[in-house]
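# Structural overview for review
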Amino acid sequence: MESPEERINRYRQESIPRVKLGLTDIDGVLRGKYISLDKFESIAGSTSGFCDCVLGWDVDDQLYDNATFTGWHTAFPDALYRLDLSTERRLMDEDGIPYFIGEFVARDPDNDAINLHPICPRGRLKQVIDVAREMGFSARMAFEYEFFVFDETAQSVRDKNYRNLTPLSPGNFGYSVLRTNTYSDLFNELMDYCIAHEFELEGLHCETGPGVWEAALAVDDVLNAADKASLFKTFAKSFFQKRGLMATFMAKWSMDYPGQSGHCHQSLLDEAGNSVFFDSSSNDGMSKTQRQYVAGMQRYLRPFLALTSPTINSYTRLVKGAWAPTAATWGIENRTAALRVITGSAKSQRVEYRVGSADANPYLVAAANLAAGLLGIREQLELSPPVVGNAYEIQDDSPHEWQLPGNLRDATRDLSASAEARQMFGEDFIDHYVASRDWEVREYERYVNDWQLKRYFEII
């Protein structure tokens, strides 16, 4: 990779005036800014400061009143951050200026070394990736998102108080060729836009419901996959808003329609890059390692649920018969189960996490899934028998520890009590994240009716 100095020289030759950067907060919201090329030159190979209030406020920029890591009592100092220079994208709508993903870091007071930040979501994922590497594994993931597109603007939804909104298209048209023909320009523009910004979609189609689309991002190593998912959510929203439309990734905007999922496909490789999930001698193609990985996902789905279903609204879709599970079930090619094992070959054998909603922070989804699977391998967990048929009909018979909480308060309590969560993500992160979810619950309880729409519709 070229040095920072070489990069700066290239930018000057191209007459690049500035760059844009973004860092992901606890809720998965991208926080960023433009900086001049001179400023970029001064930080490209080192670190800079970003007010740590972005780690201490919610999606409405309101400060948590219960966090110890940052708050009025700390006077909001700068948190160190660095840019990952390998993440450069050229912004096609901004004359090709570069965009970089940043991450918060921490300086070791004893030796001045730069370490992963205890609160940064991207850093927490990198910590779990390090655990996988120590165990001899690397992970690959691919995210899928459902989202509603409206013939509205950021102002019009507020003027309407988020009621009587007009979807881009009416009716239930799942996998519709008619709709993709009618809006072919928009579908193709979005796919080209994603290619141009290096988070390519391998598929895009209409889902059931008015104006519902589903996008499948191409598989990549786990950190790149989470980066691409994070960028896709924000950049797709701005793509539509620039065209006088609006997309929402909130888990459920109306009780009349199914919720919006954020599924995650995943597999493990050994140090040589070979799948450790596939065993050709097994009837279902599942290796012992995959069985242990899925057993870990099943065991820790409940205690880690607040990481993958992080909002009040997340739990409106976790109801029976709504294409989202309510218990930690698993099955082979079974879309009614929480964990769907997809069989095939060394290249395609994987497991799909179907619990998560589109409102979740991709870094935390990836970290929670990978951590759970690695715990299953480390603890050599035995996998229960797969669900056959409709999981909704039998999931009430599942063990109590596999029944999923029905609200954020209970899920947060389970996360706080999980010794494994504290082991994998760190005490500081769990304490801070639990405080942020407790705040979210209390903010909701102060309001009634359309609080969820006002809070999550655009930003999440």
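Anything mentioned here points back to the structure above.
Attention here is on the structure that accompanies the text. Quantities reported herein were computed from a predicted structural model and do not represent experimental measurements.

### With respect to the overall build of the protein chain
Assigned secondary structure in the protein chain consists of 15 helices and 15 strands. A compact globule built from 460 residues should have a C-alpha radius of gyration of about 23 Å, and the protein chain, at 22 Å, falls within 12% of that. For the protein chain, the proportion of its 460 residues judged to be buried stands at 59%. Within the protein chain, residue pairs in contact and separated by at least 24 positions form 71% of the contacts whose partners lie at least 6 positions apart. Put simply, the protein chain shows about 18700 Å² of open surface, and 47% of that area lies on carbon and sulfur atoms. Across the protein chain, the centroid of the 47 positively charged side chains sits 2 Å from that of the 67 negatively charged ones.

### Some words on unusual backbone geometry
Despite not being glycine, Ala75 has its phi angle at roughly 65°, a positive value. The backbone phi angle of Asn161 is positive, close to 55°, even though this residue is not glycine. Within the secondary structure, Asn161 sits in the loop between α4 (154-159) and α5 (177-182).

### Regarding helix α6 (residues 184-196)
An ideal rise of 1.5 Å per residue puts 18 Å on 13 residues; α6 measures up with 18 Å between its terminal C-alpha atoms. Residues Leu186, Phe187, Leu190, Tyr193 and Cys194 constitute the buried set of α6. Considered in projection along α6, the buried side chains sweep an arc of 130° and stay on one side of the axis. Turning to α6, the residues buried within the fold contact β7 (138-150), α5, β8 (201-206), β9 (212-217) and α7 (222-241). Following α6 by one or two positions, Glu198 adopts a phi angle in the positive range, close to 65°.

### Describing the state of the cysteines
Tallied over the full model, the rule gives zero disulfides. Looking at Cys51, it has no disulfide partner, and the nearest cysteine sulfur is the one in Cys53, 3.3 Å off. Overall, Cys51 belongs to the partly exposed group, its relative accessible area being 29%. Look at Cys53 and you get buried, because its relative accessible area is 12%.

### Quick look at the environment of Met135
Here Met135 shows up in the loop between α3 (121-134) and β7. For the pair Met135 and Leu374, spaced 239 residues apart in sequence, the C-alpha to C-alpha distance is 8.5 Å. Not counting residues within four places of it along the chain, the set of residues in contact with Met135 comprises Leu374, Ile377 and Arg378.

### Observations concerning the packing of aromatic side chains
Throughout the structure, instances matching the rule amount to 35 aromatic pairs. When the centroid spacing of 6.1 Å and the interplanar angle of 20° are considered together, the rings of Phe148 and Phe150 count as stacked. Comparing Phe148 with Phe150 shows no difference in burial state: the two are buried. Over the ring of Phe173 we find Arg179, and its NZ or CZ is 3.8 Å from the ring centre. The side chain of Arg437 reaches across the aromatic face of Tyr433, ending 4.9 Å from its centre.

### Describing the packing of α6 against α7
The contact between α6 and α7 brings their axes to 11 Å, and the two run at 140°. Classed by the angle they form, the pair α6 and α7 counts as oblique. Classified by chirality, the crossing of α7 by α6 is right-handed. Within the contact between the two elements, α6 uses Leu186, Glu189, Leu190, Tyr193 and Cys194 and α7 uses Phe232, Phe235, Ser238, Phe239 and Phe240. Split by residue class, the contact of α6 with α7 holds eight nonpolar, one polar and one charged.

### Regarding the pairing of strand β15 (residues 350-353)
Pairing of strand β12 (residues 262-269) with β15, which is carried by three bridges, proceeds in the antiparallel orientation. Residue pairing across strands places Cys264 opposite Tyr353, the latter belonging to β15. Note that strand β14 (residues 339-342) and β15 share four bridges and pair antiparallel. Looking at the pairing, Ile342 lines up with Arg350 of β15.

### Some words on the environment of Val59
Structurally, Val59 can be placed in the loop between β3 (48-51) and β4 (78-91). Accessibility expressed as a relative area gives 10% for Val59, which makes it buried. Contacts of Val59, omitting those with residues within four sequence positions, involve Asp27, Val29, Arg31, Arg455, Ile459 and Ile460.

### Quick look at the pairing of β7
Most of β7 sits out of view: 11 of its 13 residues are buried. Of the pairings in the sheet, the one linking β7 to β12 comprises eight bridges and is antiparallel in character. Following the sheet pairing, Ser138 is matched in β12 by Leu269. Bridge count for β7 against strand β10 (residues 220-221) is two bridges, and the pairing is antiparallel. Counterpart to Met141 in the pairing with β10 is Asp220. The sheet contact formed by β7 and β9 spans five bridges and is antiparallel. Each residue of the ladder has a partner; that of Glu146, found in β9, is Glu214.

Calculation notes
Residues numbered from 1 in each chain as written. Predicted model: local features only at pLDDT ≥ 70, side-chain atom pairs only at ≥ 80, totals over all residues. Heavy atoms only, no water. Helix = DSSP H or I, 4+ residues; strand = E, 2+ residues; numbered from the N terminus. Rg over C-alpha atoms; globule rule 2.2 N^0.38 Å. Buried < 20%, exposed > 50% of the residue type's maximum accessible area, 1.4 Å probe, protein only. Contact = heavy atoms within 4.5 Å. Areas by Shrake-Rupley, 256 points an atom, 1.4 Å probe, with all protein chains shown as cover. Lys, Arg positive; Asp, Glu negative; His and termini not counted. Charge placed at Lys NZ, Arg CZ, Asp CG, Glu CD. Expected span 1.5 Å × (residues − 1). Arc of directions from axis to C-beta. Disulfide = S-S within 2.5 Å. Phe/Tyr/Trp six-rings, centres within 6.5 Å; stacked < 30°, edge-to-face > 60°. Lys NZ or Arg CZ within 6 Å of the ring centre and 35° of its normal. Axes fitted to C-alpha atoms, helices over the stretch in contact; angles between N-to-C directions. Parallel < 35°, antiparallel > 145°, perpendicular 65-115°, else oblique. Left-handed = near helix turned anticlockwise from the far one by under 90°. Nonpolar A, V, L, I, M, F, W, Y, C, P; charged D, E, K, R; others polar. Pairing = 2+ DSSP bridges.

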